[in-house]
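Commentary on secondary and tertiary structure
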Amino acid sequence: SGIDSRVILDTPGAENLIGLGDLLLSKPEYAKPMRIQGCYVSEDEINAVVEKLRSQGEPEYHSEILSTNLITLGSCPSDASSGTCADDDPLIWEAAELVVSSGFGSTSNIQRRLKVGYSRAGRIMDMLEDKGVVGPPNGSKPREVLVDAMELETLKAFEQHDGDNQ
């Protein structure tokens, strides 16, 4: 109905849809939703496809896709240009805690808070990226923080355990 269309979509128009693949497409670049015809797939067709796939055998799951990013966090970079884990800056974990608590990875924030120069703060930020704490550079914007406080503690314990084994 027109009322349902206004409640759900905040605009009229859905009351004119005839079903069977008829739909409204709303995109930010459109002033109002555009009516388009998608393909219609019945429940029977969906069930037939699912049964065909089931009859072909059991699924093979790739465990490396299902594992969390904590397993790969803390691993040493594979290329020699980034250095090794032994070359980590002594302030790296303090910087990591700062970045996680503030919620954004900023080289200038590390400079100010840890009282280090730009080049050292930049190297620390690169090390944090290698460890999976922050994302890649995003122009002049702060880097995205990829872990929370609990994951950071797990990562620190993981690296401490690796250091004890070497």
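Above this note sits the structure.
To start, this report covers the structure provided alongside it. The residue numbers shown here count from 1 along each chain, following its written sequence. Thresholds applied to this predicted model are a pLDDT of at least 70 for local features of residues and 80 or more for the giving and counting of side-chain atom pairs; totals over whole chains, interfaces and linings are not thresholded and use all residues. As a convention, hydrogens and water are excluded, and side-chain values are obtained from all of the structure's heavy atoms.

1. A closer look at the packing of helix H4 (residues 92-102) against helix H5 (residues 107-114)
Spelled out, the test is: Fitted lines through C-alpha atoms give the axes, limited to the stretch in contact for helices. The angle between two N-to-C directions lies from 0 to 180 degrees. Strands here mean DSSP runs of E at least two residues long; helices mean DSSP runs of H or I at least four residues long; both are numbered from the N terminus. For this classification, under 35 degrees means roughly parallel, over 145 means roughly antiparallel, 65 to 115 means roughly perpendicular, and everything else is oblique. Here a crossing is called left-handed whenever its near helix is offset anticlockwise from the far helix by less than a right angle, and right-handed whenever the offset is clockwise. The criterion used for residue contact is that any of the two residues' heavy atoms lie within 4.5 Å. All residues other than Ala, Val, Leu, Ile, Met, Phe, Trp, Tyr, Cys, Pro, Asp, Glu, Lys and Arg, Gly among them, are scored as polar; the first ten of these are nonpolar and the last four charged.
Close contact between H4 and H5 brings their axes to 10 Å; oriented N to C, the two are set at 120°. By the angle class used here, H4 and H5 are oblique. Relative to H5, the crossing made by H4 is right-handed. Residues Glu94, Ala95, Leu98, Val99 and Ser102 of H4 lie in contact with H5, whose contacting residues are Asn109, Ile110, Arg113 and Leu114. Looking at side-chain class alone, the contact of H4 with H5 contains five nonpolar, two polar and two charged residues.

2. Quick look at H5
This is how it is decided: Each residue's exposure class comes from its accessible area (1.4 Å probe, protein chains only) as a fraction of the maximum for that residue type: buried when under 20%, exposed when over 50%, partly exposed otherwise. In this description, one arc is meant: the one made by directions from the helix axis to the C-beta atoms.
Along H5, the positions that sit buried rather than exposed are Thr107, Asn109, Ile110 and Leu114. Across the axial projection of H5, the buried residues extend over an arc of 160°, all falling on one side. Those residues of H5 that are buried are in contact with H4 and helix H6 (118-130). After H5 finishes, the residue Lys115 shows a positive phi value of roughly 55°.

3. Describing the pattern of salt bridges
For clarity, the threshold we go by: The salt bridge definition used is simple: a Lys or Arg side-chain nitrogen within 4 Å of an Asp or Glu carboxyl oxygen.
A full pass over the atoms with the stated rule returns eight salt bridges. One salt bridge in this structure joins Asp22 and Arg35, with 2.6 Å as the shortest N-O distance. Here the residue Asp22 occupies a position in strand E1 (residues 22-25), and Arg35 occupies one in strand E2 (residues 34-37), the gap between them amounting to 13 residues. Judged by its relative accessible area of 11%, Asp22 falls in the buried class. When its relative accessible area of 45% is taken as the criterion, Arg35 is described as partly exposed. In this structure, Glu97 and Lys156 form a salt bridge, with 2.4 Å as the shortest nitrogen-oxygen distance. Within this pair, whereas Glu97 is found in helix H4, its partner Lys156 is found in helix H7 (residues 149-165), the two being separated by 59 residues in sequence. Note on Glu97: relative accessible area 36%, which makes it partly exposed. The structure contains a network of salt bridges with shared partners spanning Glu97, Glu153 and Lys156.

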